[in-house]
Amino acid sequence: MNVIVAFPKIENARSIKSILVKHGFQVGKVCVTGAQVLQYADGLADGIVVCASRLQDMVYAQLREYLPPGFEMLVLAPPNAWEESTPEGVVCLSMPLKVHELASSMEMMAYALERRRRRRRAQPQRRSQEEEQLIQKAKGILMERNHMTEKEAYRYLQKSSMDSGTGLTETAQMILSMMGG
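Computed from a prediction, not measured in an experiment: that's the story for all the values here.

A. Here's a closer look at the nonpolar core. Residues Val5, Leu20, Val50 and Met106 are the most contacted members of the largest nonpolar core, which totals 19 residues. Looking at this core, the elements that each hand over two or more residues are strand S1 (3–6), helix H1 (10–22), strand S3 (47–52), strand S4 (71–77) and helix H4 (99–122). In terms of residue count, the dominant contributor to this core is H4 (five residues). With sequence-adjacent residues up to four places away left out, Met106 is seen in contact with Val3, Leu20, Phe25, Ile48, Val50 and Leu74. Counting residues in hydrophobic clusters, the runner-up holds 17 residues, among them Ile4, Val49, Leu55 and Val75.

Rendered as structure tokens:
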């Protein structure tokens, strides 16, 4: 789980980090500006940003707008700091903070993030028309030259792909280049 903590005062950020770590969360980065958050988040697919409503260089709504789409945000601030309509992907907790509320909110958000990750991985990856044609051509060559059925040729491609740690399309390209196809 990628957790980023951001508060305008580094002491506050470190305190929140300490609470999260005590509750089993691993905090990857502590920041004081939105720019630092964005720079760190840029290399990640998803995660949770725990922050104040206002950082040194931007407010939480701006930060949410610039974050990659896989990120959620948990904003800790006094009730008068909220905007009338909270942006999508933002959970708000009122200050003064209750530690158990922070921990349970983080657990809920982490669970939802993990479910989205699993769903993404479970979706079959779509191949382009060109990739499908490469695979079909490689199967055709294997069937012709090695007297395989279509099913055997496809299984051979799959096994070769897994053994070499490459994708099916790359494996088909290798077979085509080796067999002059």
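B. Quick look at the state of the cysteines. Counted according to the given criterion, the structure contains zero disulfides. Free cysteine Cys92: the closest other cysteine sulfur is in Cys51, separated by 9.2 Å. On the accessibility criterion, Cys92 (27% relative accessible area) is partly exposed.

C. Fine view of the packing of helix H5 (residues 129–146) against helix H6 (residues 150–164). Running from N to C, H5 and H6 point in directions that differ by 115°, and their axes come no closer than 9 Å. Considering how the two elements wind past one another, H5 and H6 form a crossing that is right-handed. From H5, Ile135, Gln136, Ala138, Lys139, Leu142 and Met143 reach across to H6, where they touch Glu150, Ala153, Tyr154, Tyr156 and Leu157. The residue makeup of the contact of H5 with H6, split by class, is eight nonpolar, one polar and two charged.

D. Layout of the environment of Glu88. Inspection of the secondary structure puts Glu88 in the loop between S4 and strand S5 (90–94). Exposure remark for Glu88: the relative accessible area of 76% places this residue in the exposed category. Remark: the alpha-carbon pair of Glu88 and Met73, spanning 15 residues in sequence, is separated by 9.2 Å.

E. Local environment of H1. Here H1 contains 13 residues, and its C-alpha end-to-end distance of 18 Å stays within 8% of the 18 Å for a straight helix at 1.5 Å per residue. Along H1, the residues that are buried comprise Ala13, Ile16 and Leu20. The arc that holds the buried residues of H1, viewed along the axis, is 65°, so those residues lie on one side. More than 90 degrees from the buried face of H1, the exposed residues found are Glu11, Arg14 and Lys22. Packed against the buried residues of H1 are S1, strand S2 (27–31), S3, S4 and H4. With its phi angle positive at about 90°, Gly24 sits one or two positions after the end of H1.

F. Summary view of the side chain of Asp46. Within the secondary structure layout, Asp46 lies in the loop between helix H2 (34–41) and S3. Accessibility expressed as a relative area gives 3% for Asp46, which makes it buried.

Criteria and thresholds
- Residues numbered from 1 in each chain as written.
- Predicted model: local features only at pLDDT ≥ 70, side-chain atom pairs only at ≥ 80, totals over all residues.
- Heavy atoms only, no water.
- Core = buried A, V, L, I, M, F, W, Y, C linked by side-chain atoms within 4.5 Å.
- Buried < 20%, exposed > 50% of the residue type's maximum accessible area, 1.4 Å probe, protein only.
- Helix = DSSP H or I, 4+ residues; strand = E, 2+ residues; numbered from the N terminus.
- Contact = heavy atoms within 4.5 Å.
- Disulfide = S-S within 2.5 Å.
- Axes fitted to C-alpha atoms, helices over the stretch in contact; angles between N-to-C directions.
- Left-handed = near helix turned anticlockwise from the far one by under 90°.
- Nonpolar A, V, L, I, M, F, W, Y, C, P; charged D, E, K, R; others polar.
- Expected span 1.5 Å × (residues − 1).
- Arc of directions from axis to C-beta.

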